[in-house]
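# Examination of the molecular architecture
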There are 2 protein chains.
Amino acid sequence: MNSILVVGSIGYDTISTPSGQRRDILGGSANYFSLAAAHYAPVRVVGVVGDDYKAEHRQMLESRNIDLRGLQQVPGKTFAWEGKYEKDMNEAQTLATHLNVFEKFHPVIPAEYRTSEFVFLANIDPVLQLQVLEQVKSPKFVGADTMNYWIHSKRPDLLKVLERIDVLLINESELRQLTGCWNTIQGVREVMKMGPKAVVIKRGEYGFVLFCEERYFILPAFPVENVVDPTGAGDTFAGGFLGRLAQHQKGWDREELKRACVDGCLLASFTVQDFGLESLRRVTPQHIQERLQAYRQVIA
Amino acid sequence: MNSILVVGSIGYDTISTPSGQRRDILGGSANYFSLAAAHYAPVRVVGVVGDDYKAEHRQMLESRNIDLRGLQQVPGKTFAWEGKYEKDMNEAQTLATHLNVFEKFHPVIPAEYRTSEFVFLANIDPVLQLQVLEQVKSPKFVGADTMNYWIHSKRPDLLKVLERIDVLLINESELRQLTGCWNTIQGVREVMKMGPKAVVIKRGEYGFVLFCEERYFILPAFPVENVVDPTGAGDTFAGGFLGRLAQHQKGWDREELKRACVDGCLLASFTVQDFGLESLRRVTPQHIQERLQAYRQVIA
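Now for a description of the structure that goes with this document. (Residues numbered from 1 in each chain as written. Chains lettered and ligands numbered in written order. Predicted model: local features only at pLDDT ≥ 70, side-chain atom pairs only at ≥ 80, totals over all residues. Heavy atoms only, no water.)

## A closer look at the pairing of strand β2 (residues 11-17) of chain B
Residues and elements named next belong to chain B. Where burial is concerned, most of β2 is hidden: 7 out of the 7 residues are buried. Side-chain alternation along β2 places G11, D13, I15 and T17 on one buried face and Y12, T14 and S16 on a second face that is also buried. Note: β2 against strand β3 (residues 20-27), 6 bridges, orientation antiparallel. Along β3, the bridge assignment pairs D13 with I25. (Buried < 20%, exposed > 50% of the residue type's maximum accessible area, 1.4 Å probe, protein only. Helix = DSSP H or I, 4+ residues; strand = E, 2+ residues; numbered from the N terminus. Pairing = 2+ DSSP bridges.)

## What about the nonpolar core?
Counting residues in hydrophobic clusters, the biggest one holds 220 residues, and the most contacted among them are F208 and F241 of chain A together with F208 and F241 of chain B. Look past the residues within four positions of F208 of chain B in its chain and what remains in contact with it is V200, I201, R203, F217, I218, L219, F237, C261, V262, C265 and Y295 of chain B. (Core = buried A, V, L, I, M, F, W, Y, C linked by side-chain atoms within 4.5 Å. Contact = heavy atoms within 4.5 Å.)

## Remarks on the packing of helix α8 (residues 233-248) of chain A against helix α9 (residues 254-271) of chain A
All names here are of chain A. Where α8 contacts α9, the two axes come as close as 7 Å, and the packing angle between them is 140°. Our classification of the angle between α8 and α9 gives oblique. The element α8 and its partner α9 pack so that their crossing is right-handed. Counted together, A233, T236, F237, G240, F241, R244, L245 and H248 of α8 and E256, L257, R259, A260, C261, D263, G264, C265, L267, A268 and T271 of α9 form the full contact between these two elements. Partitioned by chemical class, the residues of the contact of α8 with α9 number 10 nonpolar, 5 polar and 4 charged. (Axes fitted to C-alpha atoms, helices over the stretch in contact; angles between N-to-C directions. Parallel < 35°, antiparallel > 145°, perpendicular 65-115°, else oblique. Left-handed = near helix turned anticlockwise from the far one by under 90°. Nonpolar A, V, L, I, M, F, W, Y, C, P; charged D, E, K, R; others polar.)

## Some thoughts on the sheet that holds strand β6 (residues 79-85) of chain B
All names here are of chain B. A sheet is described by the order of its strands in space; here 4 strands give the open sequence β3-β2-β6-β7, paired in mixed fashion. Looking at strand neighbours, the two that pair on one side only are β3 and β7 (92-98), the edges of this open sheet. Ignoring strand direction, the axes of neighbouring strands in this sheet form an average angle of 15°.

## Digging into the interface of chain B and chain A
Listed as interface residues are 28 residues of chain B and, on the opposing side, 28 residues of chain A. For the pairing of chain B and chain A, the buried interface totals around 2,600 Å² over both sides, and the portion due to carbon and sulfur atoms is 51%. Contact with chain A buries surface across chain B, with W182, Y206 and E225 of chain B losing the most and accounting together for 26% of the total. Remark: the boundary between chain B and chain A carries 4 salt bridges. Taking the shortest distance from any N to any O, the salt bridge between E205 of chain A and R203 of chain B comes out at 3.6 Å. At the level of elements, α7 (184-193), β13 (215-219), α9 (254-271) and α11 (285-299) of chain B are the ones that each hand at least two residues to the side of chain B that touches chain A. (Buried area = accessible area lost by both parts, 1.4 Å probe. Salt bridge = Lys/Arg side-chain N within 4 Å of Asp/Glu carboxyl O.)

## Focus on the sheet that holds strand β6 (residues 79-85) of chain A
All names here are of chain A. Read across the sheet, 4 strands follow the order β3-β2-β6-β7 without closing on themselves; strand pairing throughout is mixed. Looking at which strands have only one partner, the edges of the open sheet turn out to be β3 (20-27) and β7 (92-98). Strand-to-strand twist in this sheet, taken as the mean axis angle between neighbours without regard to direction, amounts to 15°. In terms of strand pairing, β6 meets β7 through 6 bridges, oriented antiparallel. In the strand pairing of β7, Y85 is matched with A92.

And the structure:
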């Protein structure tokens, strides 16, 4: 069975949305990714937390096919993010970011993780993403995310990352900043020239665009009526996406990538239905199956 | 064969986009609608132009299954709109609107139009939309569009219109203003309570949401790489949509509405590829067929 290595943030989030507020709830890209991907394949996490990290959170993750031996616990406080969504749930306002122990984080990939077949480089400094790639032994598949901050401030390093990955998963504002193209379809072609073999544009409620083998695959998201908190939807998408690929394939082809996008979409549709990881952690394989059936009704 | 009656604006547009600028080109909701719908069924236009309206424009439309006997020509200048698109082509900035002869327009439906089976009330004052409905004899199907200005300033009249139509076709910002819902899926349910039997939300490059018979149908737009001018895309969608329905059905059902949305999407994808009506007027049935094939590849 393929294993998935993810390197990303683990944090405590304080989130305000029109549905309410939560303080210091578990979040971070690595957690959304892992809880989604673990439905399909074993996940190995590399990241850092402080001494305020709660044992119950470690237990919750470890009980679900998620290996935390690569999670460094160091003195200090865990990364914390504070954000707010107004009525337009597509855009988070960041109120505060406390890097805390994340500031000095350098990924150390444990020996037993280095042969992981699938690797996901969540949205972290591209210099660290490159450090991860130096430490893993020829994975079958590497996916990566990034954000506007890195595109702006670490472009040369990011370009090196792009040359070494299979799929880049970003949103439309990141695509614009990376390529200068306001047209998503044009932008996708520009990203492809930077190295990845495929590109997935995450469009939130509008779904996704997959480009690979010279063709587009585009579908809407599952229609969610009760969006409570969109935080983590993109990382959940990535988890469903890589999870599905890792479960089904030695390598990957266009058909597998298409189906993986749909799984990413379905998992993300659960995440947004409650605060933080609350909804995602309750999802069962049965729920995913049911939602797939409902999704097929919507698009056919 | 079913005929389609459209009541809407005819105007001369001055448009600036990142691709260039055009002055005083033929536009208006009725023209985009008609050129799209005439691919499927005969179209009858009710509207008003001034004495500056060009004979070549009348000829161009009349040569294409479009009946202009209901087009009033009166002294004065034709309606004119000036707009600009920045890099984000999803939103037009209106620089100037000159109502001109449109200011005193009252729709008069010629006797030979009154038995039209399909009616489209383009985005005009809901008071005028009601006047149209008073003059037509029990059409099989009525579709309508509106805009934020009318939702705000003529809400009671608009609500009367909504009680009398089969399908409302609007965009997401109009949906928000009409219902107060920021979630599109929730908003659609609210609109349904106002009377229409179905709702189509036009999402521009993100496609459409159709709600009817208690179910959603959602698909993306055809991916267009060279968006030159998005003006008229929504009216073109409506034309392809009603055209298709008029061509195929005495009444209509969910399957017909679904296919009609796809046709609306395909026609709109041509409109945006050149300024004004330039691309749409060059479209052939062969082009539509080819684009349908290409679209099926994108979503499957």
